[in-house]
Amino acid sequence: MNRNDTLWNGAGRRIHMQEVGTRDGLQVEEAFVPTEDKIALVNTLSRAGMAKIEVTAFVSPKAIPALRDAEIVLREIERRPDVVYSALVPNVRGAERAIDANADELNLVMSASETHNLANLRMTRQQSFAALSEVNALARQVKVPVNVSLSCSFGCPMEGDVPVATVLDWCARFIEGLGARGVTLCDTTGMAYPGQVAALTAAFRDRWPGTELTLHFHNTRGMGLANVLAAIDAGADRFDASLGGIGGCPYAPGATGNVCSEEIVHALELMGYRTGVDLALLVEASRRLPPLIGHDIPSQIVKAGRRLDLHPVPADFAAIRERAMARAI
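Residues numbered from 1 in each chain as written. Predicted model: local features only at pLDDT ≥ 70, side-chain atom pairs only at ≥ 80, totals over all residues. Heavy atoms only, no water.

Caption draft 1: Quick peek at helix 7 (residues 125-142). Taking 1.5 Å as the rise per residue, helix 7 with 18 residues should run 26 Å; its terminal C-alpha atoms sit 26 Å apart, in good agreement. Among the residues of helix 7, those classed as buried are Arg125, Ser128, Phe129, Leu132, Ser133, Val135, Asn136, Leu138 and Ala139. On its buried face, helix 7 sits against helix 5 (92-100), strand 4 (105-111), helix 6 (114-121), strand 5 (146-151) and helix 8 (164-177). (Helix = DSSP H or I, 4+ residues; strand = E, 2+ residues; numbered from the N terminus. Expected span 1.5 Å × (residues − 1). Buried < 20%, exposed > 50% of the residue type's maximum accessible area, 1.4 Å probe, protein only. Contact = heavy atoms within 4.5 Å.)

Put into structure tokens, the structure is as follows:
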């Protein structure tokens, strides 16, 4: 039996679901979600069984006012020993703040695309790498693990395709050069497609089989779930997703939200994969979002329910049946 035969039958294979909605999702919202509501969302996500939660980002409050309460949120959430509580940090000052607030992991971000890196971070890729090397040195000193997220790994909205060799070269700098625990390949712009995803995932896995690999997809062009399945078939077992499907990069024109946490969990569990996630709790958390952010969310599970969330029969069903049975065949 080849891998294609087993893709459709997960047979209990473990897939680690990692929530980014509380950072990647909320950072682009115009409405400020109250601190106590952010904490409650993280606590529900913890109880739901997400393997990792990117709780917040330690960035300038002027740049991202939606996350200006990062310290309070990270300090006051209820922590579970089987959940990793991560925080995005752009520089040494952000790392110091995150470490002081007891982040379990620091997530460092730069782009595989030079143009996107300049537009997003106002630095060249080499300048970003130098700055993140300083953050990594601090993290190693205090023994806090580091994950590196490479934006635009599957394409740049200004440059087009980013060569696989370029993506792998930057991965090597962080894995082999700095000793990063994990790498996230990010489809920041929703440009990824299944064949491309399978090839890049397989190339990464072949070169670094022991490194923690995460795939981060957006559903901009409707290929989110297909890309997740392509990555699983190529050996991936960790995925970022966003509650309700919210999110999007402000420097990626046309980019929409991340793949939706409850949609991915729902699909994978129907196929026999084991996510460790309580889907009912996840949906409960997602239903809290619209009044908090002031608009509807993309989640089809919230709109339509799970596959076997059944509906009552019509009130006059007995009469309908009786009339039907009375007809001659």
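Caption draft 2: Layout of a nonpolar patch on the surface. A cluster of nonpolar side chains, Val313, Phe317 and Ile320, forms an exposed patch at the surface whose accessible area comes to about 240 Å². Turning to its location among the elements, Ile320 is positioned in helix 15 (residues 317-326). (Patch = residues over 30% accessible without salt bridge, like charges linked within 9 Å, V, L, I, M, F, W, Y side chains within 5 Å. Areas by Shrake-Rupley, 256 points an atom, 1.4 Å probe, with all protein chains shown as cover. Salt bridge = Lys/Arg side-chain N within 4 Å of Asp/Glu carboxyl O.)

Caption draft 3: Local environment of the pattern of salt bridges. Scanning the entire structure with this criterion turns up 17 salt bridges. We note a salt bridge from Asp24 to Arg23, for which the minimum N-O separation is 3.9 Å. Comparing Asp24 with Arg23 shows no difference in burial state: the two are buried. Close ionic contact of Arg306 with Asp309 constitutes a salt bridge, the shortest N to O distance being 3.3 Å. Assessed through its relative accessible area of 33%, Arg306 is described here as partly exposed. Here the salt bridges do not stand alone but share partners, grouping Lys52, Glu105, Arg181, Glu212 and Arg238 into one network.

Caption draft 4: Molecular detail of the sheet that holds strand 2 (residues 52-57). Sheet architecture is closed into a barrel: 8 strands sit in the order 1-2-3-4-5-6-7-8, paired in parallel fashion. Across the sheet, the axes of successive neighbouring strands diverge by a mean angle of 25°, strand direction being ignored. Pairing geometry for strand 5 and strand 6 (residues 182-186), over 4 bridges, is parallel. Within strand 6, the position partnered with Ser149 by the bridge is Thr184. Where helix 7 meets the sheet, it contacts strand 4 and strand 5, and its direction lies at approximately 170° from that of strand 4. (Pairing = 2+ DSSP bridges. Axes fitted to C-alpha atoms, helices over the stretch in contact; angles between N-to-C directions.)

Caption draft 5: Inspection of unusual backbone geometry at higher detail. Positioned with a positive phi, Asn102 is a non-glycine residue whose angle comes to about 70°. Structurally, Asn102 can be placed in the loop between helix 5 and strand 4. Although it is not a glycine, Cys152 sits at a positive phi angle of roughly 60°. Its location among the elements puts Cys152 in the loop between strand 5 and helix 8. You can call Cys152 buried: its relative accessible area is 0%.

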